[in-house]
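Close look at the chain arrangement
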Amino acid sequence: MAKFSIGIDYGTESARALLLNLDTAEEVASSTMNYPHGVMDERLPDGTVLPQDWALEHPDDYIEVLKKIIPDVIMKSGVNKDDVVGIGIDFTACTMLPIKKDGTPLCDLPEYKSNPHAYVKLWKHHAAQPEANMLNKIASERGEDFLARYGGKISSEWLIPKIWQILNEAPDVYEEADKFIEATDWVILKLTGNERRNSCTAGYKAIWHKRKGYPSNEFFKALDKRLENVVDEKLSRDIYPLGTKAGELTEEMANMIGLKPGIAVAVGNVDAHVSLPAVGVASPGKMVMIMGTSICHVVLGDKEVEVPGMCGVVEDGIVPGYYGYEAGQSAVGDIFAWFVDNCVPDGYKKEAEERGISVHQLLTEKASKLKPGESGLLALDWLNGNRSVLVDADLTGLILGLTLRTKPEEIYRALIESTAYGTRMIIDTFNEYGIKIDELYACGGLPEKNPMLMQIYADVTNLEIKVSKSNQTPALGAAMFGAVAAGKENGGFDSIFEAAKVIPKLKDETFKPILENVEIYEKLFQEYKLLHDYFGRGANDVMKRLKNIKEVVSDVREPKTTCI
Ligand SMILES: Nc1ncnc2c1ncn2[C@@H]1O[C@H](COP(=O)(O)OP(=O)(O)O)[C@@H](O)[C@H]1O
Ligand SMILES: O=C(CO)[C@@H](O)[C@@H](O)COP(=O)(O)O
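Residues numbered from 1 in each chain as written. Chains lettered and ligands numbered in written order. Predicted model: local features only at pLDDT ≥ 70, side-chain atom pairs only at ≥ 80, totals over all residues. Heavy atoms only, no water.

Observations regarding the site of ligand 1
Around ligand 1 there are 15 residues in total, and Thr293, Gly333, Gly445, Lys449 and Asn450 lie nearest to it. Measuring from an oxygen atom of ligand 1, one finds a side-chain N or O atom of arginine 16 at 3.2 Å. A distance of 2.9 Å separates an oxygen atom of ligand 1 from a polar atom in the backbone of glycine 445. Contact with the protein chains hides 81% of the accessible area of ligand 1, taken as 590 Å² for the molecule alone. Of the residues forming the shell around ligand 1, the biggest block, 4 residues, is contributed by helix 12 (residues 333-342). Classifying every residue of the shell around ligand 1 by side-chain character gives 5 nonpolar, 7 polar and 3 charged. (Near = heavy atom within 4 Å. Polar contact = N/O pair within 3.5 Å; in protein donor to acceptor, adjacent residues only side chain to side chain. Areas by Shrake-Rupley, 256 points an atom, 1.4 Å probe, with all protein chains shown as cover. Helix = DSSP H or I, 4+ residues; strand = E, 2+ residues; numbered from the N terminus. Nonpolar A, V, L, I, M, F, W, Y, C, P; charged D, E, K, R; others polar.)

A word on the domain arrangement of the protein chain
Looking at the assigned domains, one finds that the protein chain contains domain 1 (4-273 + 472-502) and domain 2 (333-416 + 524-554). A straight line from the C-alpha centre of domain 1 to that of domain 2 covers 31 Å. Around 1000 Å² of area is buried between domain 1 and domain 2 when both sides are counted, 40% of it from carbon and sulfur atoms. Where lysine 124 meets aspartate 334, a salt bridge forms, and the shortest distance between an N and an O atom there is 2.8 Å. Across the contact surface, domain 1 and domain 2 share 7 residue pairs in polar contact (both at pLDDT 80 or more). (Domains from an automatic or database assignment. Buried area = accessible area lost by both parts, 1.4 Å probe. Salt bridge = Lys/Arg side-chain N within 4 Å of Asp/Glu carboxyl O.)

A short note on unusual backbone geometry
With an omega of -5°, the peptide bond between alanine 93 and cysteine 94 qualifies as cis. With respect to the helices and strands, the residue cysteine 94 is situated in the loop between strand 5 (84-91) and strand 6 (96-99). The amide bond that connects serine 388 to the next residue, valine 389, takes the cis arrangement and shows omega of 5°. Within the fold, valine 389 resides in the loop between strand 18 (378-380) and strand 19 (398-400). Positive phi outside glycine occurs at valine 391, with the angle close to 50°. Mapped onto the elements of the fold, valine 391 is located in the loop between strand 18 and strand 19. In this structure, asparagine 462 is a non-glycine residue whose phi angle is positive, near 55°.

Describing the sheet that holds strand 21 (residues 465-467)
In any sheet, the strands associate via hydrogen bonds between backbone groups, in a parallel or an antiparallel arrangement. The 6 strands are arranged 16-17-15-14-20-21 in an open sheet whose pairing can be described as mixed. Both edges of this open sheet fall to strand 16 (312-315) and strand 21, since each of them pairs with a single strand only. Neighbour-to-neighbour, the strand axes of this sheet turn through a mean angle of 25°, independent of strand direction. Bridge analysis of strand 14 (residues 286-291) against strand 15 (residues 295-301) gives 4 bridges, and the strand direction is antiparallel. (Pairing = 2+ DSSP bridges. Axes fitted to C-alpha atoms, helices over the stretch in contact; angles between N-to-C directions.)

As for the nonpolar core
Formed by 67 residues in total, the largest nonpolar core has its most connected members in Met291, Tyr325, Phe336, Phe430, Ile437, Tyr457 and Ile465. Ignoring anything within four residues of it in the chain, the contact list for tyrosine 457 reads Met289, Met291, Ile295, Val332, Ile416, Thr419, Ala420, Thr423 and Ile465. (Core = buried A, V, L, I, M, F, W, Y, C linked by side-chain atoms within 4.5 Å. Buried < 20%, exposed > 50% of the residue type's maximum accessible area, 1.4 Å probe, protein only. Contact = heavy atoms within 4.5 Å.)

Here's the deal with the packing of helix 13 (residues 346-355) against helix 14 (residues 359-367)
At their nearest, the axes of helix 13 and helix 14 sit 9 Å apart, and the two run at 105° to each other. It follows that helix 13 is roughly perpendicular to helix 14 by the angle criterion. Mapping the contact onto sequence places Tyr348, Lys349, Glu351, Ala352 and Arg355 in helix 13 and Val359, Leu362, Leu363, Glu365 and Lys366 in helix 14. Looking at the contact of helix 13 with helix 14 residue by residue, the classes come out as 5 nonpolar, no polar and 5 charged. (Parallel < 35°, antiparallel > 145°, perpendicular 65-115°, else oblique.)

Focus on the site of ligand 2
Lining the immediate environment of ligand 2, one finds 13 residues, of which Thr12, Lys205, Asp271, Ser294 and Glu326 sit closest. Between ligand 2 and glutamate 326 there is a distance of 2.5 Å, counted from an oxygen atom to a side-chain nitrogen or oxygen. The contact in question runs from an oxygen atom of ligand 2 to an N or O atom on the side chain of arginine 387, over 3.1 Å. The protein chains hide 93% of the 380 Å² of surface that ligand 2 would expose on its own. A breakdown of the residues in the shell around ligand 2 according to their chemical character gives 4 nonpolar, 5 polar and 4 charged.

Below, the structure is given as structure tokens:
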């Protein structure tokens, strides 16, 4: 009798469940649900207004979606729920929340309902940049060796700046919280009743090292004396490797989501990292791009080297036995969404509607007719800051070369190209510092949605791109880890390597660089690099000065005196 595993991918806007047949490697059914509260970046459910750079979610949504998407995949597939042997989840990260000892999120307590700090801080919450700046300054003055493992800087997206922001702006929330926890670990706590923090988020987002643990209490004290014992008081030193079984599905949750109690549940994982074995990559030299709202770039290495501006290198952080490297771009699809939502004339929207296609598709169709370089435009892709290689959320976007004749599709294409140049910067930096990238693999929403974009990435990087056959690659990876938690004796796998040999599939069609495009893009990329270094490496900090003026004028937070 065939056995099944369920993978749940918690994305930025929605969660998707995938039911995987472990005998045939077939993706039997999937189901998606948007988070009822969505991303809260302007106000809380009760109307409380949020300052700029904030991005919150409601933790109740993460359970709510399970009640729909799990019964849905069982119903659609007609599979007997008793044949499901494993569950794995992956999440965006660092997506964190304050909770009480029993797991109750602070925002669920009536007295904290209107306090933004009591909610989930989503990965793209960038309002902890002052704390990140200060942390980097202090760590660098103290010669903390962990900085090198994070490309020289800790991002404002990561856990410690976020916790420190809570302490600075809402000390009562900090006090009231018994724990701060990654959302991925919180969902596992809800599913199994066990707090089993995973090594991936701990390593990449919480400055934890397999052999050295967290930074010292002295370091945390140097940040703020109230943080001296933050690890022991608010986090945990018990960290579990990926592939470990976190526990078994509790009766209460099983009843709620329509499954059998006792199913093996894997420790939590991250959407980017979980995707690597899901495209069949289990050795160095092959970079996987998870392309959607943002792009995460992950690659394995057999040594630990310091690559400037990478998000992190973590031993066993992706699969056991290798150093997992991560880099990323904080906004990619989000930039195109911004353009579509804010900068497209009504005529375009009408045309798209009449033809029954999305505005993205219409712009892409028009932009496909342009040759590389034809628009005379060049853009910087920092509309949500720069995560790699500059690690600076205070940088902003730029479009150069506009004229009175510039068309929306030209700007749309220039924005796509800018994100491809951002990826090329990352690849070049890895190559330069000894992590060779010989092959590119892609998964996520964008390869499905936009072949023109994929061709531009192949031309700009001059690398052939292989694409995952699954349109739910992170969920597939999560299901594979769920099957590893179940173990071979229950119809699963003994290791993620075993699963990676038989489950993943790639599309037959690949995106191959086109020589004449490669040549023009090489010239354009050199121009991008000049702009990148001029605005991003301190020659002209105009972006930060503008942001500073904006903050003072909008009076949301004290002006920043230093930009690091
Ligand atoms: N045809 C398109 N071309 C380029 N981008 C698109 C297109 N359609 C949607 N998008 C962008 O894709 C992103 C969503 O990607 P997806 O991978 O589905 O989600 P997520 O990153 O949340 O997992 C959105 O930011 C949206 O703007
Ligand atoms: O930062 C990470 C992983 O490290 C991602 O979770 C984050 O970029 C969000 O990814 P999505 O674009 O929503 O898939």
